[in-house]
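# Inside the fold
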Amino acid sequence: MTAAPEQLTLDLHGFEGPLDLLLSLARAQKVDLRDISILQLVEQYLAYVDRARVLRLELAADYLVMAAWLAYLKSALLLPQAVETEPDAEELAVRLQLRLERLDAMREAGARLMARDRIGRDTFMRGAPEGLHVDRKSFWSVEYFDLLASYGRATARSRPVLHVVRDREIVTLEAALARLGALLGSAVEWRTIERFLPDVDDAVLRRSALASSFLAALELARQGRAELQQDAPFAPLYLRRPAA
Amino acid sequence: MSDAYERAVEAVLFAATEPLSRDAIRAHVGDGDVRGALDRLVVRYRGRGVELVERGGRWHFQTAPDLAHLLRRGRDEVRKLSRAGIETLAIIAYHEPVTRAEIEAIRGVQTGRGTLDVLMEAGWVRPAGRRDVPGRPLMFATTPEFLSHFGLTSRRDLPGIDDLRAAGLLDPVDLAFDQLAVENHREED
Amino acid sequence: MSDAYERAVEAVLFAATEPLSRDAIRAHVGDGDVRGALDRLVVRYRGRGVELVERGGRWHFQTAPDLAHLLRRGRDEVRKLSRAGIETLAIIAYHEPVTRAEIEAIRGVQTGRGTLDVLMEAGWVRPAGRRDVPGRPLMFATTPEFLSHFGLTSRRDLPGIDDLRAAGLLDPVDLAFDQLAVENHREED
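### Quick notes on the interface of chain C and chain B
The partner chain B presents 46 residues to the 42 residues of chain C that form the contact. Approximately 3,700 Å² of surface area, both sides summed, lies buried where chain C meets chain B, with 51% of it carried by carbon and sulfur atoms. Sorting the residues of chain C by area buried against chain B places Arg 7, Arg 48 and Arg 113 of chain C first, and these three jointly supply 22% of that buried surface. Summed over the shared surface of chain C and chain B, the number is 7 salt bridges. Where Arg 130 of chain C meets Asp 163 of chain B, a salt bridge forms, and the shortest distance between an N and an O atom there is 3.3 Å. For the pair chain C and chain B, the number of links is 18 residue pairs in polar contact (both at pLDDT 80 or more). Looking at which element gives the most residues to the side of chain C that touches chain B, the answer is helix α1 (residues 4-15) of chain C, with 8 residues. The residue inventory of the side of chain C that touches chain B, partitioned by class, reads 17 nonpolar, 10 polar and 15 charged.

### What to know about the sheet that holds strand β5 (residues 125-130) of chain C
All names here are of chain C. Ordered in space as β4-β6-β5, the 3 strands form an open sheet in which the pairing is antiparallel. The outermost strands of the open sheet, each flanked by one partner alone, are β4 (98-99) and β5. Inspection of the sheet shows β5 paired to strand β6 (residues 138-142) by 4 bridges, in the antiparallel sense. Along β6, the bridge assignment pairs Pro 127 with Phe 140. Its contacts with the sheet place helix α5 (residues 83-95) against β4, β5 and β6, and it is angled at close to 90° to β6.

### Observations concerning a negative patch on the surface
Judged by side-chain charge, Glu 169, Asp 199, Asp 201 and Asp 202 of chain A come together as a negatively charged surface patch. Along the chain, Asp 201 of chain A falls in the loop between β2 (191-192) and α7 (203-222).

### Here we look at the sheet that holds strand β4 (residues 237-240) of chain A
Residues and elements named next belong to chain A. Taken in spatial order, the 3 strands of this open sheet run β2-β4-β3, and their pairing is antiparallel. Edge positions in the open sheet fall to β2 and β3 (227-230), since each of these has one partner strand only. Sheet topology places β2 next to β4; 2 bridges connect them, and they run antiparallel. Among the inter-strand pairings, Arg 191 is bridged to a residue of β4, identified as Leu 239.

### Points about the packing of α5 of chain C against helix α6 (residues 100-107) of chain C
All names here are of chain C. At their nearest, the axes of α5 and α6 sit 10 Å apart, and the two run at 120° to each other. Of the two elements, α5 crosses α6, and the hand of that crossing is right-handed. Judged by residue contacts, Ala 84, Glu 87, Thr 88, Ile 91, Ile 92 and His 95 of α5 engage Ile 103, Ile 106 and Arg 107 from α6. Of the residues belonging to the contact of α5 with α6, the class tally is 5 nonpolar, 2 polar and 2 charged.

### Some words on the pairing of strand β3 (residues 58-63) of chain C
All names here are of chain C. For β3, the buried fraction is high: 6 of the 6 residues fall into the buried class. Here β3 shows two buried faces, one formed by Arg 58, His 60 and Gln 62 and the other by Trp 59, Phe 61 and Thr 63. Linking strand β2 (residues 50-55) back to β3 in an antiparallel pair, the connection comprises 2 residues, with Gly 56 at a positive phi of about 60°.

### A word on the pairing of strand β3 (residues 58-63) of chain B
The pairing of strand β1 (residues 20-21) of chain B with β3 of chain B spans 2 bridges and is antiparallel. Bridging across to β3 of chain B, Ser 21 of chain B finds its partner in Arg 58 of chain B.

### Some words on α7 of chain A
All names here are of chain A. For α7, built from 20 residues, the straight-helix expectation of 28 Å at 1.5 Å per residue is met to within 8% by its first-to-last C-alpha distance of 29 Å. If you check which residues of α7 are buried, you get Leu 205, Ser 208, Ala 209, Ser 212, Ser 213, Ala 216, Ala 217 and Leu 220. Along its buried surface, α7 packs onto α6 (173-184), β3 and β4. The first or second residue beyond α7 is Gly 224, which carries a positive phi of 80°.

### Brief notes about the packing of aromatic side chains
With the rule as written, the count across this model stands at 12 aromatic pairs over all chains. Between Tyr 144 of chain A and Phe 150 of chain B the ring centres are 5.9 Å apart and the planes differ by 40°, which places this aromatic pair in the tilted class. Here Tyr 144 of chain A is found in helix α5 (residues 144-158), whereas its partner Phe 150 of chain B is found in the loop between α8 (144-149) and α9 (161-166) on a different chain. The pair Tyr 144 of chain A / Phe 150 of chain B is uniform in exposure class, with both members buried. A ring pair is formed by Phe 146 of chain C and Phe 150 of chain C, whose centres lie 5.2 Å apart and whose planes are at 50°; its orientation type is tilted. In this structure Phe 146 of chain C comes out as buried when scored by relative accessible area, which is 0%. Taken together through their ring pairs, the aromatic side chains of Phe 14, Tyr 45 and Phe 61 of chain B together with Phe 14, Tyr 45 and Phe 61 of chain C make up a single cluster.

### Topic: the interface of chain C and chain A
Between chain C and chain A, the residue contacts involve 71 residues of the former and 47 residues of the latter. Summing both partners gives a buried area of about 5,000 Å² for chain C against chain A, and 63% of it is carried by carbon and sulfur. Among the salt bridges present, the one from Glu 87 of chain C reaches Arg 107 of chain A, with a minimum N-O distance of 2.6 Å. Our count for the contact surface shared by chain C and chain A stands at 13 residue pairs in polar contact (both at pLDDT 80 or more). A total of 9 residues in the side of chain C that touches chain A trace back to one element, the largest contributor, which is α5 of chain C. Residues that form the side of chain C that touches chain A fall into these classes: 38 nonpolar, 14 polar and 19 charged.

Definitions and cut-offs
- Residue indices begin from 1 for each chain and proceed along its sequence in written order.
- All chains are assigned letters beginning with A, and all ligands numbers beginning with 1, in the order in which they are written.
- Under the rules for a predicted model, residues below a pLDDT of 70 receive no local features and side-chain atom pairs below 80 are neither given nor counted, while totals for whole chains, interfaces and linings still include all residues.
- The side-chain quantities take in all heavy atoms of the structure and omit both hydrogens and water.
- Contacts between residues were defined by any pair of non-hydrogen atoms, one from each residue, lying within 4.5 Å.
- A simple way to read buried area is as the amount of 1.4 Å-probe accessible surface that goes missing from two parts once joined, with both sides added.
- Salt bridges are counted wherever a side-chain nitrogen of Lys or Arg sits within 4 Å of a carboxyl oxygen of Asp or Glu.
- Counting of polar contacts relies on pairs of N or O atoms within 3.5 Å, with two restrictions inside protein: one atom must be capable of donating a hydrogen and the other of accepting it, and residues adjacent in sequence are counted only when both atoms are side-chain atoms.
- Comment: elements are numbered from the N terminus, with helices defined as DSSP H or I runs of at least four residues and strands as E runs of at least two.
- Any residue that is not Ala, Val, Leu, Ile, Met, Phe, Trp, Tyr, Cys, Pro, Asp, Glu, Lys or Arg is counted as polar, Gly included; the first ten are nonpolar and the last four charged.
- Strand pairing is assigned whenever DSSP identifies at least 2 bridges connecting the two strands.
- Angular values range over 0 to 180 degrees, each being the angle between N-to-C directions of two axes fitted as lines to C-alpha atoms, with helices fitted over their stretch in contact.
- Any residue with relative accessible area above 30% and no salt bridge may belong to a patch, with like charges joined within 9 Å and the nonpolar Val, Leu, Ile, Met, Phe, Trp and Tyr side chains within 5 Å.
- Accessible surface is estimated by sampling points in the Shrake-Rupley manner with a 1.4 Å probe; for residues, cover comes only from the protein chains shown.
- Positive residues here are Lys and Arg, negative ones are Asp and Glu, while His and the chain termini are left out of the count.
- The atoms used to mark charge sites are NZ of Lys, CZ of Arg, CG of Asp and CD of Glu.
- Rotating anticlockwise by less than a right angle from the far helix to the near helix defines a left-handed crossing, while the corresponding clockwise rotation defines a right-handed one.
- Residue burial is assigned from relative accessible area. The probe radius is 1.4 Å, only protein chains are included, and a residue is buried under 20% of its type maximum, exposed over 50%, and partly exposed in between.
- Between the first and last residue of a helix there are one fewer steps than residues, each counted as 1.5 Å, and that sum is the expected span.
- In summary, the pairing rule links any two rings of Phe, Tyr or Trp, Trp by its six-membered ring, whose centres are within 6.5 Å, and it sorts them by plane angle into stacked for under 30 degrees, edge-to-face for over 60 and tilted for everything else.

Laid out in structure tokens, this is it:
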């Protein structure tokens, strides 16, 4: 990565997580990671995340977690030395730098491994070996990987498939019947059905309450314990106690 | 002193999966004195453990005939265990001691008589007493040879179910479905 | 003049389908100075089109690397590893034995399903016991095939490993801190 930070595109698909992005920014800053400015790096990362926000790009949660952590690190680094912070900001900065060095070292090592003389690409074993007779113990051959993979395959066939239905809070028909029946006792005037609903904030629970209460209202009307009135389809639905 | 062309001919013949004609050799190493290189290689390998020979205009390396007794049988003697055999072996390793009926319950298919025989012949599985239930079915377990074949110190070294799942070794065919389920039910992990 | 024992060692190594340890060689050719024979064969083949190499204590003949261009033609390129695969392999090789959590701590992302799977299928990585800490997590290490494939005599041959160790870059990592960035992020395979 040789581009200046400003020229980095905002395509986060190219990065394997925040650490990868940080390493790219650091590499753009200096070749020797030991000489980079952590404060500058933090600012670049935060600017990057800000720009993503301005462009309304959706950022994975861990980018935001890292941003929050770096914002904390930045403020800790900027505090006067006299102020004791816990943990020590300088130490956190060194550890961040060390992590970048580690990742970079492994990346470099991987590239050097891949560049070695590899069998099947650079060197070749004998094409048609006569083969050696192996004694009876390894007459049958199995690779360890095959053994483990087979176990997964075999158990998958008999493993029960589990369907988990999320436990959701709802208002049952019984509860709606009880509540509506009790409230209707004092309702002499026409009132919309919404007035009879329990006072809940959760939108899903509120829809459940409305549905249950609607069914309860029909049932109460059937029993002669409620009267319903609606001027038009989808117009407000009114309820009241039957006129005696 | 070996010349570059001779080295190239040597390498191509070594890596070839079948005997090569002079034209085939030339197709690999480019134009040059193939015949001269072959002649020099024959001399170089004469009396060694390996020799360069011509059969019907095609050239190949072979081990010296007088040393054939060291190699004994061909490699086709090593046979791969069948899929049923590997699965049965894996189930015994994870569940031992285990009866044939229990193995079949996990595999979801019947286990042929030959499958357990092969595993016992290979020295990886042994009878391990009888289960105290009606019919007193035979139980099976793995042997120390099984552990050493797979480089395991003990059965505790076998990866657990969670490890297998994490490595993607469970449900290999249902990968997409499985991933979906993981996303919907992160709390299960 | 080549002695009989050296010839026998040469023939067995030529005929073998995979690298052989000194013990495996001795099992075929009988007692003798295997080490001395191997040393003399290495010298005899040095600079030829074929050479004798040691990889992780096992020996095999292979074509000289500088002739790759003649032999590659018509052969399948070795399978390309993903970037995640390369990094994971490097981390295992330089830190082994290492747990999945330690790999993730260095990479800063979770290891996707399929990454370790591919490395194990290639035969380069294997489960290597469990770490004696709570949860007994599985550890991973490289195999002898890994050394053979990448032309390494031993793990000491890993490029730059001494420098990395001296710089402290292979020391155990501080998991508590590193977990911070790993949480919630799944890499894209």
